[in-house]
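The lines below spell out each chain.
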Amino acid sequence: MIPFNFNKITEALQEMAKVEEGANEIEEATNMYTDDITGFQIDRLAGKKGPSFQINYGRGKGKHIQIPKSDMKRVITQMTKAMNAK
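These numbers come from a predicted model, not from an experiment.

K.L.:
An account of the sheet that holds strand β4 (residues 64–68) is requested, with residue identities and associated values reported.
P.N.:
Reading across the sheet, the 4 strands line up as β1-β2-β3-β4 and stay open at both edges, with antiparallel pairing between neighbours. Pairing within the sheet leaves two strands with one partner each, and these edge strands are β1 (30–35) and β4. Pairs of neighbouring strands in the sheet enclose a mean axial angle of 20°, with direction left out of account. The pairing of strand β2 (residues 40–47) with strand β3 (residues 50–56) spans 7 bridges and is classified as antiparallel. Counterpart to R44 in the pairing with β3 is F53.

Put into structure tokens, the structure is as follows:
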């Protein structure tokens, strides 16, 4: 199994949460983070309800989740809690 560094993902998610409000006019996806070894990628894109982020994971096609920017801080908080749970 390939070791996975959750610290880098947490840092990338925190950076995404800092994206300025002026980014509401996104016309195409922008890559924010890529890890070629694990196939993990984070993209910023224009979602149905405003700016969103798509997290692609694994090497298989279609393995992704989309999170509206308005929910990112809550997702980061809960993911951090889940990663630190014993």
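K.L.:
Please provide a residue-by-residue account of the side chain of S52, values included.
P.N.:
Examined against the element boundaries, S52 turns out to sit in strand β3. Given a relative accessible area of 7%, S52 falls into the buried group. There is a polar contact of 3.3 Å between the side chain of S52 and the backbone oxygen of G50. S52 has contacts with D43, R44, L45, G47, I67, P68 and K69, leaving out every residue within four places of it along the chain.

K.L.:
Let's hear about the packing of aromatic side chains: which residues, and what values?
P.N.:
For the structure on display, the rule yields 1 aromatic pair. With a centroid separation of 6.0 Å and an interplanar angle of 70°, the aromatic rings of Y33 and F40 are classed as edge-to-face. Exposure class is identical for Y33 and F40. Each is buried.

K.L.:
So what's going on with the pattern of salt bridges? Which residues, and what values?
P.N.:
Scanning the model with the defined rule gives 1 salt bridge in all. With a closest N to O distance of 2.7 Å, R74 and D71 form a salt bridge. Assessed through its relative accessible area of 54%, R74 is described here as exposed. Since its relative accessible area comes to 24%, D71 is described here as partly exposed.

What counts and how
- Residues numbered from 1 in each chain as written.
- Predicted model: local features only at pLDDT ≥ 70, side-chain atom pairs only at ≥ 80, totals over all residues.
- Heavy atoms only, no water.
- Pairing = 2+ DSSP bridges.
- Helix = DSSP H or I, 4+ residues; strand = E, 2+ residues; numbered from the N terminus.
- Axes fitted to C-alpha atoms, helices over the stretch in contact; angles between N-to-C directions.
- Buried < 20%, exposed > 50% of the residue type's maximum accessible area, 1.4 Å probe, protein only.
- Polar contact = N/O pair within 3.5 Å; in protein donor to acceptor, adjacent residues only side chain to side chain.
- Contact = heavy atoms within 4.5 Å.
- Phe/Tyr/Trp six-rings, centres within 6.5 Å; stacked < 30°, edge-to-face > 60°.
- Salt bridge = Lys/Arg side-chain N within 4 Å of Asp/Glu carboxyl O.

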